[in-house]
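Remarks on the overall topology
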Amino acid sequence: MSRPTPYKGPKVGQEPYDAATGRVGVLQDICHVDDLIFDHRMPGPRVAFLRPAAGGLEWMTDAGNVQFPEEAKKRPDVYDGPRRE
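Report follows, based on the coordinates. (Residues numbered from 1 in each chain as written. Predicted model: local features only at pLDDT ≥ 70, side-chain atom pairs only at ≥ 80, totals over all residues. Heavy atoms only, no water.)

1. Quick word on the overall build of the protein chain
Counting its secondary structure elements, the protein chain contains zero helices and six strands. Listed by position from the N terminus, the elements making up the protein chain come as β-β-β-β-β-β. The 85 residues of the protein chain split such that 31% are buried. Of the contacts made within the protein chain by residues no fewer than 6 positions apart, 41% connect residues no fewer than 24 positions apart. (Helix = DSSP H or I, 4+ residues; strand = E, 2+ residues; numbered from the N terminus. Buried < 20%, exposed > 50% of the residue type's maximum accessible area, 1.4 Å probe, protein only. Contact = heavy atoms within 4.5 Å.)

Set out below in structure tokens:
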């Protein structure tokens, strides 16, 4: 399998927008799916790992969903209000 073109999005430590979830998080890493040892279930060749800036659970998304916040358009179907427990 050939490697995709170089990644040109946000860098590790920056706070990008995840278009799939409508969340902003600190980018922890970008990995090629062939480098992962678990079932990633991502459609693209790269996986991004993000974590909330204030702490919390890390999440994965396809790296194609990771955008600079100023370029991002929020998804209208994602609720970003307070969560009820």
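2. Notes on the side chain of Asp 62
With respect to the helices, strands and loops of the structure, Asp 62 is situated in strand E5 (residues 59-62). Buried charge Asp 62 goes without a salt bridge, the closest partner of opposite sign being Arg 46 at 8.0 Å. Within the structure, the side chain of Asp 62 is placed 2.8 Å from the backbone nitrogen of Gly 64, a separation counted as a polar contact. Residues contacting Asp 62, with those up to four places away along its chain left out, are Met 42, Pro 43, Gly 44 and Arg 46. (Lys, Arg positive; Asp, Glu negative; His and termini not counted. Salt bridge = Lys/Arg side-chain N within 4 Å of Asp/Glu carboxyl O. Polar contact = N/O pair within 3.5 Å; in protein donor to acceptor, adjacent residues only side chain to side chain.)

3. Structural notes on the environment of Asp 29
Its place among the elements puts Asp 29 in strand E3 (residues 26-32). Distance from Asp 29 to Val 47, taken between C-alpha atoms, is 8.3 Å for residues 18 residues apart in sequence. Filtering out sequence-adjacent residues up to four positions away, Asp 29 remains in contact with Val 12, Val 47, Ala 48 and Phe 49.

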